[in-house]
Amino acid sequence: MLVVGNWKTYVRTREKAKKLLVAAKRLALGRKIKIVIAPPAPYLGLFTASRGGVALASQDVSESLDSTETGEVPAPLLKEMGVTYAIIGHSERRARGETDAQIREKVQRALVHGITPILCIGESERDADAKYLAHLRTQITSALSGIPAKDLLDIVIAYEPIWAIGKSDEDAIQPADLMETVLYIRKVLGDFIPGKGATRVKILYGGSAEPENARALAGGGGVDGFLVGHASVDAKMFAGIVKALKQ
Ligand code: 13P
């Protein structure tokens, strides 16, 4: 199981970041669950000195190549900071205008520099005609086309329905619906990855994952872990999710 804490912009002091890191290190002591933290970029350095078994993720990666681009954070720089995962195509970035083409570039940049992309996909609503499935297919297809199948095995997909983000466990997806969606995502991945490869790609769920629903979603939803937002900046809640998954 893989549990990624996306701190978004919730954490705004070094003190809070340090406290959460200490708590995350404790959670990473057990072997069963891999803990990954994605802090706001200015706090990446806090993880370089001592992060125990906690892996480090960036919340984004630049798609730019060698040109000088003020404000961008390119993959080699992230790599040097110890980043091994990069969240790419989060709905909150897509909402700011990030395009499918940029997302594909970002996935490529991360892979070239040995950073595992956590590709976020998700629909804004579930319509009765299941058009949302076509939307997910488009998001996956546009992000992954042209990437060699062997590299695709290293990618993590985070299914984050936008309607479930930032609420509470009661608003999250139901396990059966999650299972159905995960199977569909694997089917789409099967178009890119030959043989049984698609079954090996890790799929996470994100969207109001909390201690109360993590176990049911992991068991009945067929996911390999979670991308956690608000509950990852509350040490008690984050520990609660990890404990629920260890049971
Ligand atoms: P919440 O867990 O706050 O719903 O956020 C999910 C998310 O967007 C993680 O990337």
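In this text, all values refer to a predicted model and were calculated from it rather than measured experimentally.

(A) Region of the structure containing the packing of aromatic side chains. A complete count under the given rule lists 3 aromatic pairs for this structure. Ring geometry for tryptophan 7 against phenylalanine 47: centres 5.8 Å apart, planes inclined by 55 degrees, an arrangement best described as tilted. Of the two residues, tryptophan 7 sits in the loop between β1 (2-6) and α1 (14-27) while phenylalanine 47 sits in helix α2 (residues 46-49), which places them 40 residues apart along the sequence. The same class applies to tryptophan 7 as to phenylalanine 47, namely buried. Considering the side-chain rings of tyrosine 159 and tyrosine 205, the 6.4 Å spacing of their centres and the 55 degrees angle between planes classify their relative orientation as tilted. Of this pair, tyrosine 159 sits in strand β6 (residues 156-159) while tyrosine 205 sits in strand β7 (residues 202-205), placing them 46 residues apart in sequence. Among the residues examined, tyrosine 205 registers a relative accessible area of 0% and is labelled buried. Through successive ring pairs, a cluster of aromatic residues spans Tyr159, Tyr205 and Phe226.

(B) Quick look at the sheet that holds β1. Spatially, the 8 strands close up into a barrel ordered β1-β2-β3-β4-β5-β6-β7-β8, and their pairing is parallel. Taken pair by pair, the neighbouring strands of this sheet meet at an average axis angle of 25 degrees, ignoring direction. Here strand β2 (residues 34-38) pairs with strand β3 (residues 55-58) via 2 bridges, running parallel. Each residue of the ladder has a partner; that of isoleucine 37, found in β3, is leucine 56. Running over the sheet, helix α6 (residues 131-144) touches β5 (116-121) and β6 and is turned about 150 degrees from β5.

(C) Main features of the site of the ligand. Residues in close proximity to the ligand total 13 residues, the closest being Lys8, Glu160, Gly166, Ser208 and His230. At a separation of 2.6 Å, an oxygen atom of the ligand approaches a polar backbone atom of glycine 166. Considered on its own, the ligand offers 310 Å² of accessible surface; in the complex 100% of this is hidden by protein. Residues belonging to the shell around the ligand are distributed by class as follows: 4 nonpolar, 7 polar and 2 charged.

(D) The arrangement of the nonpolar core in detail. Core analysis: the biggest nonpolar cluster contains 70 residues, and Ile35, Leu144, Ile157, Leu189, Tyr205 and Phe226 have the highest contact counts within it. Not counting the four nearest positions on each side in its chain, tyrosine 205 is found in contact with Tyr159, Pro161, Ala164, Ala172, Ile173, Leu178, Leu217, Val223, Gly225, Phe226 and Leu227. Val36, Tyr85, Val156 and Leu204 belong to the second largest nonpolar core, which has 14 residues in total.

(E) Representation of the packing of helix α9 (residues 211-221) against helix α10 (residues 235-246) within the structure. Running from N to C, α9 and α10 cross one another at 30 degrees; their axes reach a closest spacing of 8 Å. Of the possible angle classes, the one that applies to α9 and α10 is roughly parallel. α10 is crossed by α9, and the crossing has right-handed handedness. Contact residues: Pro211, Ala214, Arg215 and Ala218 in α9; Met237, Gly240, Ile241, Ala244 and Leu245 in α10.

Reading the values: the criteria
Residues numbered from 1 in each chain as written. Predicted model: local features only at pLDDT ≥ 70, side-chain atom pairs only at ≥ 80, totals over all residues. Heavy atoms only, no water. Phe/Tyr/Trp six-rings, centres within 6.5 Å; stacked < 30°, edge-to-face > 60°. Helix = DSSP H or I, 4+ residues; strand = E, 2+ residues; numbered from the N terminus. Buried < 20%, exposed > 50% of the residue type's maximum accessible area, 1.4 Å probe, protein only. Pairing = 2+ DSSP bridges. Axes fitted to C-alpha atoms, helices over the stretch in contact; angles between N-to-C directions. Contact = heavy atoms within 4.5 Å. Near = heavy atom within 4 Å. Polar contact = N/O pair within 3.5 Å; in protein donor to acceptor, adjacent residues only side chain to side chain. Areas by Shrake-Rupley, 256 points an atom, 1.4 Å probe, with all protein chains shown as cover. Nonpolar A, V, L, I, M, F, W, Y, C, P; charged D, E, K, R; others polar. Core = buried A, V, L, I, M, F, W, Y, C linked by side-chain atoms within 4.5 Å. Parallel < 35°, antiparallel > 145°, perpendicular 65-115°, else oblique. Left-handed = near helix turned anticlockwise from the far one by under 90°.

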